[in-house]
Each structure stands twice: as C-alpha cells, then as structure tokens.
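# A look at the structure
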Amino acid sequence: MSFKHFDALKKRVQGKRVKSIAVAAAEDAHALASLKDLLVQIKVRYFLVGNREQIKQICQDIAFDVEERWIVDAVDEVASAAKAVALVAEGKADILMKGKLHTAILLKAVLHKETGIQTGGLISHLAVLECPSYHKLMFLTDAAINPTPDLDKKRAMLENTVSFMHQLGYERPNVAALAAVETVSDRMPETLDAAELAKQNWDGEITGCYVEGPISFDLAVSRQAAAIKGFSSELVGEVDLFLMPNISSGNAMSKALLYLGGAKMAGCVLGAKVPIVLTSRGATAEEKFLSLLLAMAV
C-alpha cells in the first residue's frame, strides 16, 4: 500500500490508542497551535516543557485551554530538552517534539550516553512531502541531520526509513538512491554508494524494499524521461523513498518542493526510542501538525 495524501494519515491515526507527546521548549506559538488543532480531531495527552508563564500566555493568546498540571517548568532550552527527553525515557511520553529551541540542543539530550533515548544506531531525518505534481506521498532522507553520509550511514538511513514505512503499512517500498546520473563513475562517489546499495538489496543483504541506483531524479519520477533515455526499471514513476546523496541536496530538494512546488511537508527523526517531531523553527503550524500526525501513525 501507499498513501496518496496526508488525509490518509489522519484516518490511520483516528481510533489508535491514546499517545502522549512531550514538547521541549513549548513556548512556541506554532507548536502549540499544531497541538491544539490535533486535539480537535484526535485524543492525545501532552506535556508542555519550558517557561511556564510564557507557555500560559501563548496558550491564552491562541485560545488553547491547557490544564496547568501538564506544564513542566524549565529554566532554559537545555533544561527543557533534558526534561522532555526524561519523560520519554521514563515511559511517560510516546513522542518527542521540538519547540522553540535549537536542534543541536535537543539532539544532544537525545544522544546523552546516560540519560538519552538513543538505541545505539544512527539517528536520521525523514521528510514526507505531499506534492501536487506527484501521485503519492514522497519520503525523503536525509535533509537535516547527516551532512555527508558514507555508505554505512546511507544504509542505516535507508533501514531506519524502511522500518518506519513498514509500520505505516508499506510492504515493500520502492527506493531511489539518487545521483545526478544513472551511470557509475569514480568521479562521483555517490554513484558508487548507490550502486552498492542496489547490489546489497539484490543480494538480500538489504531487505523489505526495492532499491534502484544510481538513478537521477527525472528518471525516478518520469516514465517519459526514462523511455527517452532507454532506462528500464519497475521503480520508474513509482518511487516511495528518495535516498539523498547528502544533506545539501536533500535540504534543497525538500525546500524547492515546499516553496515553489506547492508541496506540504512533515518531518521527524528516526533511530531513537520514539519518533521525534523535528521541524525548522520557522515551520508553519500546519507543517508541525502534519509532523505530529506522521509520528502518531506508527
């Protein structure tokens, strides 16, 4: 199966067990607005960690009726991150959400050797986009955390995301290991990595998905372009997951689709004990709402 729109995620979340969300540095109007919108449609529990008075004021400004007992006071960003992560570690929260704080501060708390919630594997970012010009949701990794992943990290990113997609209901997602060209060249190391990942998939070392690579973006999404170039693959025009060669290409592609392609986007971090809703501090309330939906759907 595959999801065509974010509305399908809403239907999947409805009726699932009640989950609890811990928001780190919750004095963020967009994060609180997204949580308020979520509560209109789905029953959830939450902990708002941060400056108590600022959180109460923002909630008042947006007409969000919050019980004060669910506000966890914290003196600064570092304390907010630590307390929110502790709620997850103690089993009180199923989802961690970034509020008004720097990503590095939150991830430092997540990765802390003694009090963090890492599982020992790679932490990676997943972006999911609903683009008007594509017939289903586009999954993309990594656009926010791993700058220049080597082969091992790309495999870990791939496995993190495929595992997540399996939980969403995807049986065998199609994966495009992207490069600028579809031919292997020593001058373009990303093509070597893509070819090796495809080989490992063919040999049964990477399972639960179908990997094609190296493949350029036009061939991945357009049957016409593939036909013109004489490129044959069952994946053409049916890609679910785009594995990016580096963070710069992932970040540029996701933002190009978002700002110029009319796309909607959700984002979360995988590889920790729970999904982490992590968006840009400038993200809209809608993007944060969709990111919460994504995290809740697994």
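Please refer to the structure higher up on the page.
What comes next concerns the included structure. (Residues numbered from 1 in each chain as written. Predicted model: local features only at pLDDT ≥ 70, side-chain atom pairs only at ≥ 80, totals over all residues. Heavy atoms only, no water.)

That bond from Thr-141 to Asp-142 is cis: its omega, 10°, falls within 30 degrees of zero. Tracing the chain through its elements places Asp-142 in the loop between strand 6 (138-141) and helix 6 (151-168). A cis geometry characterises the amide bond from Gly-213 onward to Pro-214, with omega recorded as -5°. Mapped onto the elements of the fold, Pro-214 is located in strand 8 (residues 210-215). The phi torsion at Ala-25 lies on the positive side, around 55°, for a residue other than glycine. (Helix = DSSP H or I, 4+ residues; strand = E, 2+ residues; numbered from the N terminus.)

Next up on the list: the pattern of salt bridges. Summed over all chains, the structure comprises 17 salt bridges. Between Lys-288 and Asp-28 there is a salt bridge whose closest N-O contact spans 2.6 Å. Taken together, the residues span a long stretch of sequence, with Lys-288 in helix 11 (residues 285-296) and Asp-28 in the loop between strand 1 (19-24) and helix 2 (29-41) at a distance of 260 residues. Three or more residues joined by partner-sharing salt bridges are found here, namely Arg-52, Glu-53, Lys-56 and Glu-68. (Salt bridge = Lys/Arg side-chain N within 4 Å of Asp/Glu carboxyl O.)

Before going further, it helps to spend a moment on the side chain of His-125. Tracing the chain through its elements places His-125 in strand 5 (residues 124-130). With near-sequence residues (within four places) excluded, His-125 lies in contact with Leu-140, Thr-141, Asp-142, Ala-143, Ala-144, Ile-145, Gly-267, Cys-268, Val-269 and Leu-278. (Contact = heavy atoms within 4.5 Å.)

Helix-helix packing is characterised by the crossing angle of the two axes and by the distance between the axes. Contact geometry of helix 1 (residues 6-13) with helix 11 gives a least axis separation of 9 Å together with a crossing angle of 50°. In terms of orientation, helix 1 and helix 11 fall into the oblique class. By crossing handedness, the relation of helix 1 to helix 11 is classed as left-handed. Across from Phe-6, Leu-9, Lys-10 and Val-13 in helix 1, the residues of helix 11 making contact are Phe-289, Leu-290, Leu-293, Leu-294 and Met-296. Grouping the constituent residues of the contact of helix 1 with helix 11 by class yields eight nonpolar, no polar and one charged. (Axes fitted to C-alpha atoms, helices over the stretch in contact; angles between N-to-C directions. Parallel < 35°, antiparallel > 145°, perpendicular 65-115°, else oblique. Left-handed = near helix turned anticlockwise from the far one by under 90°. Nonpolar A, V, L, I, M, F, W, Y, C, P; charged D, E, K, R; others polar.)

The next thing to look at is the packing of aromatic side chains. All told, the structure shown has six aromatic pairs when counted by the stated rule. Ring geometry for Phe-139 and Tyr-170: centres 5.3 Å apart, planes at 80°, overall edge-to-face. Remark: Tyr-170 occurs in the loop between helix 6 and strand 7 (174-178) and Phe-139 occurs in strand 6; sequence separation between them is 31 residues. A centroid spacing of 5.6 Å and a plane angle of 40° characterise the contact between Phe-217 and Phe-242, whose relative ring orientation is tilted. Placement of the pair is Phe-217 in helix 8 (residues 217-221) and Phe-242 in strand 9 (residues 241-243), with a sequence separation of 25 residues. Three or more aromatic residues joined by ring pairs make a cluster, and in this case those are Phe-3, Phe-139 and Tyr-170. (Phe/Tyr/Trp six-rings, centres within 6.5 Å; stacked < 30°, edge-to-face > 60°.)

Position of Tyr-134 among the secondary structure elements: in the loop between strand 5 and strand 6. Of the residues examined, Tyr-134 reaches a relative accessible area of 10% and is grouped as buried. The spacing of Tyr-134 and Asp-240 is 106 residues in sequence and 11 Å in space, taken between C-alpha atoms. With near-sequence residues (within four places) excluded, Tyr-134 lies in contact with Val-221, Gly-237, Glu-238, Val-239 and Phe-242. Looking at Tyr-134, its side chain comes within polar contact range of the main-chain oxygen of Val-239, at 2.8 Å. (Buried < 20%, exposed > 50% of the residue type's maximum accessible area, 1.4 Å probe, protein only. Polar contact = N/O pair within 3.5 Å; in protein donor to acceptor, adjacent residues only side chain to side chain.)

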